[in-house]
Amino acid sequence: GEISPMQAILFIDMALDNNEIPSPIDVEIILKPGRLGRRRDTLRRILNECFDLRGKCVPTLSGDSDLLFVTKCTIGELGTFVLAKLRQKIGGTS
């Protein structure tokens, strides 16, 4: 069955703890609407540990040239960016 967003966060944490790339599928699950406290922290950790990105690194969804701070952007912007980076990193295989 479907895994819950809380489980997906745990899977992402486990991957990061093992120096593995988390699954974009788990990231998609935690981006589903609903209350989830650790969502931003988890997305930040992926950017930090997998891509060495922090601070002002998130592109806007509107495609402006300005980058947004990880702490200031919306979860949607952050999540879209994290997913794009993960898919690039794993070579576009789903």
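Refer to the structure printed above.
Given the structure is predicted, the values throughout are model-derived calculations rather than measurements. (Residues numbered from 1 in each chain as written. Predicted model: local features only at pLDDT ≥ 70, side-chain atom pairs only at ≥ 80, totals over all residues. Heavy atoms only, no water.)

A few points about the packing of helix α3 (residues 39-51) against helix α4 (residues 75-89)
Any two packed helices are characterised by the angle at which their axes cross and by the distance between the axes. Condition: Here an angle of 0 to 180 degrees is reported between the N-to-C directions of two axes, which are lines fitted to C-alpha atoms, with helices fitted over the stretch in contact. The way it works is that DSSP assigns letters per residue, a run of H or I at least four long becomes a helix, a run of E at least two long becomes a strand, and they are numbered from the N terminus. In this scheme, a crossing is called left-handed if the near helix is turned counterclockwise away from the far one by less than a right angle; it is called right-handed if the turn is clockwise. By definition, residues are in contact when any of their heavy atoms lie within 4.5 Å. Gly is placed with the polar residues, together with every amino acid not listed as nonpolar (Ala, Val, Leu, Ile, Met, Phe, Trp, Tyr, Cys and Pro) or charged (Asp, Glu, Lys and Arg).
Running from N to C, α3 and α4 cross one another at 35°; their axes reach a closest spacing of 10 Å. Judged by the twist between their axes, the crossing of α3 over α4 is left-handed. Where α3 approaches α4, its residues R39, R40, L43, I46, L47, C50 and F51 are matched on the opposing element by I75, L78, G79, F81, V82, K85, L86 and K89. For the contact of α3 with α4, a count of residues per class yields 10 nonpolar, one polar and four charged.

Concerning the packing of aromatic side chains
Here the distance between the centres and the angle between the planes together describe a pair of aromatic rings. Convention followed: Between rings of Phe, Tyr and Trp, where Trp is taken as its six-membered ring, a pair exists when centres lie within 6.5 Å; planes separated by under 30 degrees are stacked, by over 60 edge-to-face, and by other angles tilted. In this analysis the charged atom, NZ for Lys or CZ for Arg, is taken to sit over a ring once it is within 6 Å of the ring centre and within 35 degrees of the ring normal.
All told, the structure shown has zero aromatic pairs when counted by the stated rule. Cation over ring: K72 sits above F69, and NZ or CZ is 5.8 Å from the ring centre.

Notes on helix α1 (residues 5-17)
How we decide: Every helix has an expected span of 1.5 Å times one less than the residues it contains. Only protein chains enter the calculation, and the probe is 1.4 Å; a residue is then buried if its accessible area is under 20% of its type maximum, exposed if over 50%, and partly exposed in between. Within this analysis, the arc is defined by the directions that extend from the helix axis to the C-beta atoms.
Compared with an ideal rise of 1.5 Å per residue, which puts 13 residues at 18 Å, α1 spans 18 Å between its outermost C-alpha atoms and is within 8% of the ideal. Looking only at α1, the buried set comprises A8, I9, I12, D13, A15 and L16. Projected down its long axis, α1 carries its buried residues within an arc of 160°, all on one side. Summarising the contacts, the buried residues of α1 are in contact with α2 (24-30) and α3. Directly beyond the C-terminal end of α1, a positive phi value near 55° is found at N19.

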